[in-house]
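# Structural description and commentary
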Amino acid sequence: MLMVCYMKKTNSISKPVVQIENIVATVTLDQQLDLHEIERKVPRVEYNPDQFPGLVFRLDRPKITALIFKSGKMVVTGSKSTQELITAVKRIIKTFYNHGIKITGRPKIQIQNIVASANLNVDVNLEDAAYKLENNMYEPEQFPGLIHRMTDPYVVLLIFSSGKMVITGAKREEEVSKAVENIYKTLKELDCLVTKSEDEQEEEFF
Amino acid sequence: RYRKWQIRSRIQSSIDRNLAQAMNELDRLSNQLHLNRAVREEAAVIYRKAVEKGLVRGRSIESVIAASVYVACRLKKLPRTLDEISLHTRANRKEIARCYRLLVKELQLKVPIADPIDYIPRMGSLLDLSGKAMNIAARIVKIAKQKALTAGKDPAGLAAAAIYVATLLENEKRTQKEIANIAGVTEVTVRNRYKELVNELKLDIPEED
DNA sequence: AAATTACTTTATAAAGC
DNA sequence: GCTTTAAAAAGTAATTT
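Residues numbered from 1 in each chain as written. Chains lettered and ligands numbered in written order. Predicted model: local features only at pLDDT ≥ 70, side-chain atom pairs only at ≥ 80, totals over all residues. Heavy atoms only, no water.

An unreviewed UniProt entry lists chain A under the name TATA-box-binding protein, from Fervidicoccus fontis. Check the Function (unreviewed entry) section of the UniProt entry for chain A; it says "General factor that plays a role in the activation of archaeal genes transcribed by RNA polymerase. Binds specifically to the TATA box promoter element which lies close to the position of transcription initiation." Per UniProt, chain A has the following entry under Sequence similarities (unreviewed entry): "Belongs to the TBP family." (UniProt positions renumbered as here; feature names shortened; annotations may be inferred.)

What follows deals with the side chain of Asn119(A). All names here are of chain A. The topology assignment puts Asn-119 in strand β6 (residues 108-119). Under the relative-accessibility criterion, Asn-119 is labelled buried at 18%. Within the structure, the side chain of Asn-119 is placed 2.8 Å from the backbone nitrogen of Asn-121, a separation counted as a polar contact. (Helix = DSSP H or I, 4+ residues; strand = E, 2+ residues; numbered from the N terminus. Buried < 20%, exposed > 50% of the residue type's maximum accessible area, 1.4 Å probe, protein only. Polar contact = N/O pair within 3.5 Å; in protein donor to acceptor, adjacent residues only side chain to side chain.)

It is worth spelling out the pattern of salt bridges at this point. Residue and element names in this part refer to chain B. Counted according to the given criterion, the structure contains 23 salt bridges over all chains. One salt bridge connects Arg-37 with Glu-41, and the closest N-O pair in it is separated by 3.5 Å. Within this pair, Arg-37 and its partner Glu-41 are both found in helix α2 (residues 37-52), separated by four residues, close to a single helical turn. Here Glu-187 ties to Arg-191 by a salt bridge, and the two come within 3.8 Å at their closest N and O atoms. (Salt bridge = Lys/Arg side-chain N within 4 Å of Asp/Glu carboxyl O.)

The next subject is the domain arrangement of chain A. Looking at the assigned domains, one finds that chain A contains domain 1 (25-111) and domain 2 (120-194). Each of domain 1 of chain A and domain 2 of chain A has a C-alpha centre, and the two are 34 Å apart. (Domains from an automatic or database assignment.)

Here we come to the confidence of the model for chain B. Across chain B, the average pLDDT comes to 94, with 99% of residues at or above 70. Confidence, read as mean pLDDT per element, is least for helix α1 (residues 2-33) of chain B in chain B (86) and greatest for helix α6 (residues 116-126) of chain B (98). (pLDDT = per-residue confidence, 0-100.)

Before going further, it helps to examine the side chain of Ser79(A). One can find Ser79(A) in strand β5 (residues 73-79). Setting aside its immediate chain neighbours within four residues, Ser79(A) contacts Glu21(A), Asn22(A), Ile23(A), Ile64(A), Glu84(A) and Leu85(A). (Contact = heavy atoms within 4.5 Å.)

The subject of this paragraph is the interface of chain A and chain B. Across the contact, 17 residues belong to chain A and 24 residues belong to chain B. Here chain A packs against chain B, burying approximately 2,000 Å² in sum over the two surfaces, 53% of which is carbon and sulfur. The tally of links from chain A across to chain B stands at one salt bridge. Residues Glu139(A) and Arg74(B) are paired through a salt bridge, measuring 2.5 Å at the closest nitrogen-oxygen approach. For the interface between chain A and chain B, the tally reads six residue pairs in polar contact (both at pLDDT 80 or more). Looking at which element gives the most residues to the side of chain A that touches chain B, the answer is helix α4 (residues 126-132) of chain A, with three residues. In terms of residue class, the side of chain A that touches chain B is built from eight nonpolar, two polar and seven charged. (Buried area = accessible area lost by both parts, 1.4 Å probe. Nonpolar A, V, L, I, M, F, W, Y, C, P; charged D, E, K, R; others polar.)

This next bit is on the packing of helix α9 (residues 176-183) of chain B against helix α10 (residues 187-200) of chain B. Each pair of packed helices gets described by two things: the angle between the helix axes and the distance between those axes. Residue and element names in this part refer to chain B. One can describe the packing of α9 onto α10 by two numbers: an axis separation of 8 Å at closest approach and a directional angle of 110°. Classified by the angle between their axes, α9 and α10 sit roughly perpendicular to one another. Between α9 and α10, the residues in contact are Gln-176, Lys-177 and Ala-180 and Glu-187, Val-190 and Arg-191, respectively. Residues belonging to the contact of α9 with α10 are distributed by class as follows: two nonpolar, one polar and three charged. (Axes fitted to C-alpha atoms, helices over the stretch in contact; angles between N-to-C directions. Parallel < 35°, antiparallel > 145°, perpendicular 65-115°, else oblique.)

Residues and elements named next belong to chain A. The full count for this structure, using the stated rule, is five aromatic pairs over all chains. Between Phe-57 and Phe-96 the ring centres are 5.2 Å apart and the planes differ by 75°, which places this aromatic pair in the edge-to-face class. With a gap of 39 residues between them, Phe-57 in strand β3 (residues 55-59) and Phe-96 in helix α3 (residues 82-98) connect regions that are remote in the sequence. Like Phe-96, Phe-57 is buried. Aromatic pair Phe-143 and Phe-160: ring centres 5.8 Å apart, planes at 65°, arrangement edge-to-face. Of the two residues, Phe-143 sits in the loop between β7 (136-137) and β8 (146-150) while Phe-160 sits in the loop between β9 (155-159) and β10 (164-170), which places them 17 residues apart along the sequence. Accessibility expressed as a relative area gives 34% for Phe-143, which makes it partly exposed. (Phe/Tyr/Trp six-rings, centres within 6.5 Å; stacked < 30°, edge-to-face > 60°.)

Judged by nonpolar contacts, the single largest core of 55 residues is most densely connected at Phe57(A), Ile68(A), Val76(A), Phe96(A), Leu157(A), Ile167(A) and Leu187(A). Shared between two domains, this core takes at least three residues from each, and those domains are domain 1 (25-111) and domain 2 (120-194) of chain A. Ignoring sequence-local partners within four residues, the contact set of Leu187(A) consists of Leu120(A), Val124(A), Ala129(A), Leu133(A), Cys192(A) and Leu193(A). Among the nonpolar cores identified, the runner-up in size contains 37 residues, and Ile46(B), Ala50(B), Ala66(B) and Tyr70(B) belong to it. (Core = buried A, V, L, I, M, F, W, Y, C linked by side-chain atoms within 4.5 Å.)

Further remarks concern the protein's contact with DNA strand D. Near DNA strand D lie 28 residues; those nearest to it are Arg58(A), Ser162(A), Arg98(B), Thr189(B) and Arg193(B). Within 4 Å of the protein, the contacting atoms of DNA strand D are drawn from sugar and phosphate to the extent of 73%. Within the side chain of Gln51(A), an N or O atom sits 3.3 Å from a phosphate oxygen of DNA strand D. Contact between DNA strand D and Thr77(A): a sugar or linking oxygen at 2.9 Å from a side-chain N or O atom of the residue. Looking at the surface near DNA strand D, the elements with two or more residues in it are β1 (17-28), β4 (64-68) and β10 of chain A together with α10 of chain B. Tallying contributions element by element places β1(A) first for the surface near DNA strand D, with three residues. Grouping the constituent residues of the surface near DNA strand D by class yields ten nonpolar, nine polar and nine charged. (Near = heavy atom within 4 Å.)

Moving on to a positive patch on the surface. The grouping of Arg149(A), Lys94(B), Arg101(B) and Lys105(B) at the surface amounts to a positive patch. Here the element with the most residues in the positive patch is helix α5 (residues 93-106) of chain B; it accounts for three residues. (Patch = residues over 30% accessible without salt bridge, like charges linked within 9 Å, V, L, I, M, F, W, Y side chains within 5 Å. Areas by Shrake-Rupley, 256 points an atom, 1.4 Å probe, with all protein chains shown as cover. Lys, Arg positive; Asp, Glu negative; His and termini not counted. Charge placed at Lys NZ, Arg CZ, Asp CG, Glu CD.)

In structure tokens form, the structure reads like this:
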């Protein structure tokens, strides 16, 4: 079986490249915050309470953005790893502290969503996949990718004909790789992966 | 038991009132879109099921009717784009698309993937093309599918490009702009799809003088 | 007509309308 | 439902050069 795969196509055994692109996390500080005071004391913040209740604070390199609420909760987006996320939270708190916004107690960080990209390095027959997979939607008029809702792990995948994809909804990094393994196996079993010698004998026009 | 009958009766009359209003909207929209009887009836059946399942609660009759029409057109192989339908309703494209997904999920509708070939007859007749040219366009789409050139691409754009190629081959000249307008895509899209077809299908396009 | 910018889709939390 | 934020995928669209 494996032999056949080797002989048919070497790239069908190359491991998919998975990369985390964005982590969204909530941070809970055990204290209320005065957003107007923060707006006055901390430079480079955006605060338009009429438009959105959160105050926006941005970090450069890595580019991370925090939405800060008066309840002391915040949403931190843009990090590409847990370590980067933790470092960013510390930096935010230190910056605030340096500008006279005292924050005490340790922040509780919870990852809410992990967005990742992956490349199977094999073309995918999306029409086949759309008919053979469950819980999916493929509407090329609206979006070029096939949207697949995986049950276990509970994530959503956007699969493109190039074999590249987006995985989102994961709360742990291992769910991402698990999802990619699963979909790769499933697509292969359902014969939705395009082997080079497959899109061969076409009828000619002339 | 009497109360039960009373409740059921009240729900039924509510459904009836909704249906009466919805059928008026369906007629209006169908006339605007010049839909045939079969498509209208299909849309009516879908909408009735939606109301009976309580899917219209919290949504506007217009958006659900528009989505029903969109589904009916696709099922009857006479597709219209969401943009075209939204041109004739108060509901915007996003809302119609949302209702469409709801209908597909809740009514377990099996809507085939939009086929570029199905767009050809209507676009062709709006462009006043010959049946032969339309057949050639359909054949081009068929080959493009086999060569896996259609995945992820807007079916309207693919149909438009195939039609453009056919007009060149059949000498029934139409500008990319004319075709793009009728297809509801931009000239750039027609051009991009066209280039891909010519390259990948190795077509010999007659030279222009 | 090519380049740039921007929007489509997905998930996710926050507080409030 | 919406508002705001981040990021990727590939297609399409609107502007700019």
